[in-house]
Amino acid sequence: MVGIVRRFYSVDRMVRPEYIRGELVQTRDAYRELFRLALPSVMELVLMSVIGACDTAMVGGLGSAAIAAVGLTGQPRMIVLSVFFALNIGVTAIVARRKGQDRQEDANRTLRNALTLGLALAFVVMALALAFAQPLMVLAGADANTIGMSMEYFTILAWFLPINAVTMCINAAQRGVGNTKLAMYVNLIANLVNIVFNYLLINGKFGFPRLEVAGAAWATGIGFCVGFVLCMLSLVQGKRRQYFLRITRSDDWRLNKETVTSITKVGGSAMWEQLGLRIGFFAYAAIVASLGYEVFAAHTIAMQFMNISFNFGDGIGIAGTSMVGQMLGKERPDLSVIYGKCSQRMALTVSLCTAMIFIAFRYPFARFFMEPGDGMDVYLMAANLMFMVAAFQPVQTSSVVISGCLRGAGDNLYVSLVMAICVVVIRPVLSSIAIFALGLGIMGAWGASILDTTTRFILVYRRFNRGKWHDKKV
């Protein structure tokens, strides 16, 4: 048994002999390098999820309708942000490749062009989000109990979109060069500020106004502003600190055709992927919301823990994406394969541990958001859904990591097609059948999601093993 486990984690059998182009990295060194890059990203993303869970728990003090209202804004917000997620996937992949090629000026030009594009898009998307706030909330499943609060929360956050977009872009570039600690510090500080202002504004403490759900939105916006300032300082002080990425007033901020083409080549496929993902998740959330706001409140609580576990995989995937891109920049696809598979092994190990924790502590976790006496049905549903959250762990984290590695190689089109098939088609269709035809309720909807995620993992892992992405140019 020990021998099987050792072979599973060893790099010796991870790459085909015909792909080897030089001396391979040692198993211990590969995991050490990934751990060095992944730890800040994992800490950043997981802490952000924990702080986001605290955010939801603080809103939960206002009742299950408030939890549902904030939860309903989640997928519409992700649709709004999808264009920026796509842009940043391109930024991370290209900057990582330029880092591997030691082309610092090209990496900085990529960042400047991405910031210019992102800021212009942000104002357009912000205007659309403000104009269509009410239809989006209605489509998401808001009813008379939640429509007012959800619209208020969504609209306030829409005004902060340009600031949020610039911050996300800078963090994506920093992750591409392996500077994951900076993104961790920025987001940790910003989210701690968010929590402080949640306390002050939701219930009106120390002379601050009691704004309830709107207070949570303003607190998030203030956190965005803090993160923006910290990100900008990291770039304008970059020369003195010897960071790979930096900007100055004398830089050429004009759009460069070759650079923009590279960004749109990678980000364009990712954009369709992100739009497909968000539409699919939006439809899924609306289907769940049709079960009633109390069921959706329980679903929102369970999703807080799903987001925490997702971010474990996403943090490790960031390290894998960076290393895959850098090794391809050095023309070592064999090492790219090794780092990609090692990151998947790391994510799988973490996911099994988190699954056991979620099952063992399901009742205390549910109580964190809502006391049983305040809503016993919501409390018990949320606790029972933790079994489904645990079942998600192995396939979800592995899928996230391998998809990230393919993006790091520039193979976004395939990932986009897989996401479209699984999230836009399989998940909503199976969820509808489970709820409306079979009467399986919320458990059936989550079971459909597990089937979707499993299919996704099988498809992207087969693609990664076949190695067609080795010669992708970005």
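Data block above holds the structure.
Residues numbered from 1 in each chain as written. Predicted model: local features only at pLDDT ≥ 70, side-chain atom pairs only at ≥ 80, totals over all residues. Heavy atoms only, no water.

(A) Broad picture of helix H7 (residues 147-159). In this model H7 runs 19 Å from its N-terminal to its C-terminal C-alpha over 13 residues, within 8% of the 18 Å that 1.5 Å per residue would give. The complete set of buried residues in H7 reads Ser150, Tyr153, Phe154, Ile156, Leu157 and Ala158. (Helix = DSSP H or I, 4+ residues; strand = E, 2+ residues; numbered from the N terminus. Expected span 1.5 Å × (residues − 1). Buried < 20%, exposed > 50% of the residue type's maximum accessible area, 1.4 Å probe, protein only.)

(B) Representation of the nonpolar core in the model. Grouped together as the largest cluster of nonpolar side chains are 95 residues, with contacts concentrated most on Phe84, Phe305, Ile338, Tyr339, Cys342, Trp446 and Trp469. Per element, the largest residue contribution to this core is 15 residues, and it comes from helix H13 (residues 293-329). Not counting residues within four places of it along the chain, the set of residues in contact with Trp446 comprises Tyr284, His299, Ala302, Met303, Met306, Leu385, Met388, Val389 and Phe392. Val95, Ile170, Cys231 and Phe244 belong to the second largest nonpolar core, which has 24 residues in total. (Core = buried A, V, L, I, M, F, W, Y, C linked by side-chain atoms within 4.5 Å. Contact = heavy atoms within 4.5 Å.)

(C) The pattern of salt bridges, seen in detail. With the rule as written, the count across this model stands at 11 salt bridges. In this structure, the salt-bridge partner of Asp452 is Arg427, at a minimum N-O distance of 2.7 Å. One end of the pair, Asp452, is in helix H18 (residues 441-466); the other, Arg427, is in helix H17 (residues 412-437), and 25 residues separate them in sequence. The residues Asp452 and Arg427 share a single accessibility class, namely buried. Where salt bridges share partners, they join Arg103, Glu105, Asp106, Arg109 and Arg112 into one cluster. (Salt bridge = Lys/Arg side-chain N within 4 Å of Asp/Glu carboxyl O.)

(D) Region of interest: the packing of helix H14 (residues 333-360) against H18. At a minimum axis separation of 11 Å, H14 and H18 run at an interaxial angle of 155°. Considering the angle they form, H14 stands roughly antiparallel to H18. Taking contact as the criterion, the partners of Ser336, Val337, Gly340, Lys341, Gln344 and Arg345 in H14 are, on H18, Phe457, Tyr461, Phe464 and Asn465. Here the residues of the contact of H14 with H18 are counted per class, giving four nonpolar, four polar and two charged. (Axes fitted to C-alpha atoms, helices over the stretch in contact; angles between N-to-C directions. Parallel < 35°, antiparallel > 145°, perpendicular 65-115°, else oblique. Nonpolar A, V, L, I, M, F, W, Y, C, P; charged D, E, K, R; others polar.)

Function cannot be read off these values alone, since they describe shape.
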